[in-house]
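Here is how the chains run, residue by residue.
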Amino acid sequence: MNKKYFTVPVRAAIVLAVICGLIYPVAVTAVGQGFIQYQANGSVALLNNTTVGSYLIGQSVTSPDLFNIRNDSASGVDPDITVVSALNQATIIHNNTNISMSYLQKLIHNNTRYTLLFFGTAYVNALRLNLELITAFHNRVTLYGEIYANITKS
Amino acid sequence: MIGIRHILVIVGLWATIVFFAWILSKYLETVYGDKESKLDRIFIPVENFIYGLIGLDKNKTMKWKEYFLNVLIFSAFSAVVSFLILYYQGYLPINPMHFPDLSWSLALNTAMSISSNTNLQHYGGGSSLSYLSQMVGIQFLQFTSAATGLAVAVAIFRGFAGKKNQTEGLGNFYVDLVRSLTRVLIPLSFIFAIIFIIIGIPQSLSGYTLVRTLSGSEQILKIGPVASLVSIMQLGTNGGGYFGANSAFPFQNPNPISNYIQMALMMIIPTSMPFLFGRMINRMGEGRTILIASYGLYAIDLIIAFIPVTVLGAGMEAGIGPFSSVFWTVTTTAFTTGSVNASLAAFNPIVIIPAFMGMLIQATPGGIGVGTMYMLMYIVITVFIVGLMAGRTPEYLGAKITAGDVKLAVIGFLSHPIIILIPTVIAYAAGYVHAIGYGTGPTSFTQIFYEFTSAAANNGSDFLGTTGNTVFFNVSTAIVMWAGRFIPIFVMLAIAGRIQERRRSSEISLRTDDIIFPIVLIVSILILVILTFFPFLAIGPILMHLEGIKNAL
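Report on the accompanying structure. (Residues numbered from 1 in each chain as written. Chains lettered and ligands numbered in written order. Predicted model: local features only at pLDDT ≥ 70, side-chain atom pairs only at ≥ 80, totals over all residues. Heavy atoms only, no water.)

Looking at the overall build of chain B
For step 1, the next point in the chain: On a plain count of helices and strands, chain B comes out with 18 helices and 4 strands.
For step 2, the next point in the chain: Computed over the C-alpha atoms, the radius of gyration of chain B is 23 Å, within 12% of the 24 Å expected from 2.2 N^0.38 for a compact globule of 553 residues.
For step 3, the next point in the chain: Viewed in the frame of its principal axes, chain B has a C-alpha envelope of about 75 × 65 × 50 Å.
For step 4, the next point in the chain: Within the span of chain B, comprising 553 residues, buried residues form 65% of the whole.
For step 5, the next point in the chain: For chain B, restricting intrachain contacts to residue pairs at least 6 apart in sequence, the fraction spanning at least 24 positions comes to 79%.
For step 6, the next point in the chain: Carbon and sulfur atoms provide 68% of the accessible area of chain B, an area that totals close to 18700 Å².
For step 7, the next point in the chain: Taken as two groups, the 29 positive and 23 negative side-chain charges of chain B have centres that lie 6 Å from each other. (Helix = DSSP H or I, 4+ residues; strand = E, 2+ residues; numbered from the N terminus. Rg over C-alpha atoms; globule rule 2.2 N^0.38 Å. Buried < 20%, exposed > 50% of the residue type's maximum accessible area, 1.4 Å probe, protein only. Contact = heavy atoms within 4.5 Å. Areas by Shrake-Rupley, 256 points an atom, 1.4 Å probe, with all protein chains shown as cover. Lys, Arg positive; Asp, Glu negative; His and termini not counted. Charge placed at Lys NZ, Arg CZ, Asp CG, Glu CD.)

Set out below in structure tokens:
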């Protein structure tokens, strides 16, 4: 068989590996890190100016004073819970902390999103709810105060 | 669960896709045809530079055998590049998390999986692949395998178009490959990668970050070149995600907007191919036939999948919801992409049946380029059957369909059940299924049967995931993926090469561009596929469903 049968495909594989595998992703990274830094670095969540995770990666909490995520979903780190579940958890949080139901309902309502944008299943981001709660009530609820102090310390 | 508004979502997405696919097909005609484009001024110097680096004579056209050999040899060498990167990743740079080398069988499986446009993943990307591996090992092959699919499709279209506008042969594979990349896949992937970053998908090369959570525990944020991978893996109907959980992982699919853009990306090019076929053979009606038949089958799959009521359960993401999870699962198999946004184990077995149908037919509308190729294979078989029933010489586009063409098409069709069923039987008989903790019940059978079906159909969705990382499953599925990719390509390039030489008559014995023929085609495909696979579906998902009913009583 002609030697050229192999030189062209070998060179094509190497040249295209450089174009598609290095130049392209590095160019996308340059744009991302240059102009869209917050999202490109994982949409981090801040509490009192300290990073406490990402809004896109769920975190489980041990206390019933905060909104907890589900642990059975495909990724295992689903950051979202359904509004139905959030409202059920709000009742428990209300009983434990005395934060008014109307505040909690408004908090959930303000953060509600829909799986089909305007309809479908209603859901909320649990971390967003928790951060708003801690920021607003760290002087009144013991657990929130502890979290706030720990975060600030470290 | 499914209401009028959900149907409107489906119809709305379809209408949008068909509209943009029609526009895209006009552009694709300039990419692969002789028509000049205003963009030539930008692209031609870039392409000439690449041809120079490759050492290519761009004016040489190839006959079908030469075209096929170059497809095969190029795919093999690009798989070798990827294999070496994966196998030696521990020694190579751009590995800030210091991931070790992949085993030989896993590196082999991965390189053959991505290069065949399958993207079956026995590795967990987020926990075992370096950035260099994700970029050169995976993204590079996602581009070239998609571009190869496009190149093969247009070569076949040229064959069916006949000799009128070609000097001879089916075109030049490397010209088709490079132009697919420079004019279609790289620009579109780049634009959508940027859009994906804006809506929340990370893109970074600076290593995973460690954070302390509210409850004081440590959490790793696995950021990397994710957005650049997600755009090509959907656009190229590859389906191999950055993370093991694929588009169920929120960094890969953060919200409903990213969910629907990803679905649109996997649909757009396969939907434009029937239009491109119509344009290239200068008979739009024939393209319409293919489009109606493939979307008709896709609609049947969706109707079946929405029979059971799916509720948000284990294995689904709350922000995606049950409707979008089912819609995606049918779509990703209909377009043989294989990315998932929920765990397949989360679904009622009835939802898994249309997922199987998508992979068994492979033309509903199927993967990038090759979907329309499979539909042409079914058309050759169908016109032959119809010709026999009507007692006339079978013809397609005015060219006689000979016994030799039908033999080739049947080889292509029958290779599919052979490369699915034989390894499934071996896996059971030789104890390899038992070795990974699977039994003989319908659930286990469904999952093993799915593994080889997904490999053969170059789909890539699976139940096994990293459980499949054993020497047997790595090597057997690697062989199945390449056979499933290159046997049908060989057969269809051969048919296209033969038909290109054939004289065309203007007399029409069987109309293939009316409204009746797509229906005949759909029925013929369903009969062929159901006759072949029904016994296996019966002892798999159907039995699984019946057991579920029995247990509920």
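Let's pick the thread back up.
Considerations on the overall build of chain A
For step 1, the next point in the chain: Looking only at helices and strands, one finds 6 helices and 5 strands in chain A.
For step 2, the next point in the chain: What you see in chain A, going N to C, is helices and strands ordered as α-α-β-β-β-α-α-β-β-α-α.
For step 3, the next point in the chain: Relative to the globule expectation of 15 Å for 154 residues, the C-alpha radius of gyration of chain A, 23 Å, shows a markedly less compact shape.
For step 4, the next point in the chain: With respect to the three principal axes, the spread of C-alpha positions in chain A is 80 × 40 × 25 Å.
For step 5, the next point in the chain: If you take every contact in chain A between residues at least 6 apart in sequence, the share linking residues at least 24 apart comes to 48%.
For step 6, the next point in the chain: Summing over all exposed atoms, chain A offers an accessible surface of approximately 7400 Å²; the carbon and sulfur share of this is 56%.
For step 7, the next point in the chain: Considering chain A, the positive charge centre built from 9 side chains and the negative charge centre built from 6 side chains are found 20 Å apart.

Looking at the sheet that holds strand 3 (residues 80-82) of chain A
All names here are of chain A.
For step 1, the next point in the chain: Pairing in this open sheet of 3 strands is antiparallel, and the strands run 3-5-4 from one edge to the other. Of all the strands in the sheet, just strand 3 and strand 4 (113-114) have a single pairing partner and so form its edges.
For step 2, the next point in the chain: Relative to strand 5 (residues 122-125), strand 3 is paired through 3 bridges, and the arrangement is antiparallel. By the bridge assignment for strand 5, T82 is matched with Y123. (Pairing = 2+ DSSP bridges.)

So, the packing of helix 16 (residues 442-456) of chain B against helix 18 (residues 516-552) of chain B
When two helices pack together, their arrangement is given by the angle between the helix axes and the distance between those axes.
Residues and elements named next belong to chain B.
For step 1, the next point in the chain: Following both chains from N to C, one finds helix 16 and helix 18 inclined at 135 degrees, their axes separated by 8 Å at the closest point. Taken together, the axis directions place helix 16 and helix 18 in an arrangement best described as oblique. In this structure, helix 16 crosses over helix 18, and the sense of that crossing is left-handed. Across from P442, T443, F445, T446 and F449 in helix 16, the residues of helix 18 making contact are F533, F536, L537, I539, G540, P541, L543, M544 and E547.
For step 2, the next point in the chain: A per-class count over the contact of helix 16 with helix 18 returns 10 nonpolar, 3 polar and 1 charged. (Axes fitted to C-alpha atoms, helices over the stretch in contact; angles between N-to-C directions. Parallel < 35°, antiparallel > 145°, perpendicular 65-115°, else oblique. Left-handed = near helix turned anticlockwise from the far one by under 90°. Nonpolar A, V, L, I, M, F, W, Y, C, P; charged D, E, K, R; others polar.)

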